[in-house]
Amino acid sequence: EINLMESLTLKGVSQLYAYVEERQKLQCLNTLFAKLEINQSIIFCNSVQRVELLAKKITELGYSCFYIHSRMQQSHRNRVFHDFRRGACRNLVCSDLFTRGIDIQAVNVVINFDFPKTAETYLHRVGRAGRFGHLGLAINLITHEDRFNLYKIEQELGTTIRSIPKVIDRALYVAGAAPEPEEDLDEQ
Amino acid sequence: MERSHHPKPSTQIQDRVHFIFNNLSEANVADRGADIKGLVEPEFYPWLAQYIVVKRVSKEANFHLLYMDFVDAVELPSFTALVLQETYNMIRIILNELASAGSSSSSERASLKNLGAWLGLQTLGRNKPILHRDLALKDLVIIAFEQGPRSLLYVIPFVTKVLEGSRSGRIFRPPNPWLMAILGILKELHLMQKIKLNLQFEITLLCKKFELTIDDIEPSNILRPLSVPRPMSQAM
């Protein structure tokens, strides 16, 4: 078997976390969608039930979203993934079923609505095939129970996940965004 | 050239607009386009147009058709005109920045290409001309040629993207004389020895998209006289 972890990299991905309580997660998601410029996003949950629940909830709130999880028929999964790839919807809620990382150019934001338990899962969710040098943003919603996992995964992957700043520089995740124009445009 | 600062709506309204754009899709674009008039006051339309062009269109080439549908769904000719005006503005700003910068950044070149594709769709693709006073494409190529390879590197991919837009229209596709004249210059450039391979490729690709081959195009004779070194006496 090929070691797939080697082909994935966290290079070019800005990794951030927000410390929240479980009941604040949805509010946090709303804030992210009001502040960021998201081309397409993937939102990960840790169980099939939570995928369906979250997808239902945010669809009601006006999000453009599909969901995909491991208990769906392969043909349905293919269909959803294909439609997502061609941009029929903007956001995909899913469980851990991508075994080779996410390879969709337009996805510039990955959100761990539930923080993964292992470094390998984290890397498969957030890491990408580094060839194209795409920029990306990974946002982790961290609860009290996740705090040791966060540290452990940082150590194992030799990476740093920073606390989310008040304003996120769009140059970190929007391809082709210059660092300065943000002030240019937003400060009068 | 300064980026214009339009009056902005409240943060709350801005956030709702951001949310709409983060969740815009084929399925909801007609409704969202209609909704926006209830959300954003007309005095902020210039801000909205700038947001669409600068933050969305120039970065998200994959959603150009979607954003076109959005602008159409707003159903206000004045808004459509604002978006086009912002497109020209942004193109001028980036062209100026690239012309003055010592080294050209690949991200700015990418934005320029995206804006070019968008402009082509909005104008040529809808049988509307690109007026000389808005953007002189032919002059742009000639000036870039005079300035040298660094200018050609961002001008040629931009121009080919703009022209590509004419495919979805009826008037500006081959054998339209305006188009053929620009293709003629590109062909002339293509024939030159020192031209970079990737630029040659861009030009060949454009022809292919028009279902032409590069040999079908009659080269102009505009650039060659420019490349001959002028005699010293002329400079004195």
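Preceding this paragraph is the structure being described.
These notes cover the structure that comes with them. (Residues numbered from 1 in each chain as written. Chains lettered and ligands numbered in written order. Predicted model: local features only at pLDDT ≥ 70, side-chain atom pairs only at ≥ 80, totals over all residues. Heavy atoms only, no water.)

1. Side note on the packing of aromatic side chains
Two descriptors summarise a pair of aromatic rings, namely the distance from one centre to the other and the angle between the planes of the rings.
Logical step 1: Within the structure shown, the criterion is met by 10 aromatic pairs over all chains.
Logical step 2: Arranged with centres 5.8 Å apart and planes meeting at 50°, the rings of A:F115 and A:Y122 form a pair that is tilted. When sorted by exposure, A:F115 lands in the same class as A:Y122, which is buried.
Logical step 3: Geometrically, the ring pair formed by B:F21 and B:Y51 is edge-to-face, given 5.5 Å between the ring centres and 75° between the ring planes. A residue pair is termed long-range when its members are at least 10 positions apart, and B:F21 in helix α1 (residues 11–22) and B:Y51 in helix α3 (residues 45–57) qualify at 30 residues.
Logical step 4: For B:F21, a relative accessible area of 0% translates into the label buried. (Phe/Tyr/Trp six-rings, centres within 6.5 Å; stacked < 30°, edge-to-face > 60°. Buried < 20%, exposed > 50% of the residue type's maximum accessible area, 1.4 Å probe, protein only. Helix = DSSP H or I, 4+ residues; strand = E, 2+ residues; numbered from the N terminus.)

2. Structural notes on the layout of surface pockets
Logical step 1: Counted as a void, the second largest pocket has a volume near 510 Å³.
Logical step 2: Taken together, 22 residues form the lining of the second largest pocket, with A:N39, A:Q105, A:H134, A:A175 and B:K59 sitting closest to its centre.
Logical step 3: Within the residue set of the lining of the second largest pocket, elements represented by two or more residues are β6 (107–112) of chain A together with α6 (106–122) of chain B.
Logical step 4: Per-element accounting of the lining of the second largest pocket gives the leading share, 5 residues, to α6(B). (1 Å grid on protein atoms, 1.4 Å probe; cavity = no way out; pocket = protein on both sides within 12 Å on 5 of 7 lines; lining within 4 Å. Points joined across faces, edges and corners; volume = space filled by probe spheres on them.)

3. Some remarks on the sheet that holds strand β2 (residues 13–19) of chain A
Residues and elements named next belong to chain A.
Logical step 1: With respect to topology, 7 strands assemble into an open sheet ordered β4-β5-β3-β6-β8-β2-β9, the strand pairing being parallel. Single-partner strands in this sheet number two, and they are β4 (65–68) and β9 (162–163).
Logical step 2: Of the pairings in the sheet, the one linking β4 to strand β5 (residues 91–94) comprises 4 bridges and is parallel in character. By the bridge assignment for β5, F66 is matched with L92. (Pairing = 2+ DSSP bridges.)

By themselves, these are just geometric observations and shouldn't be taken as functional.
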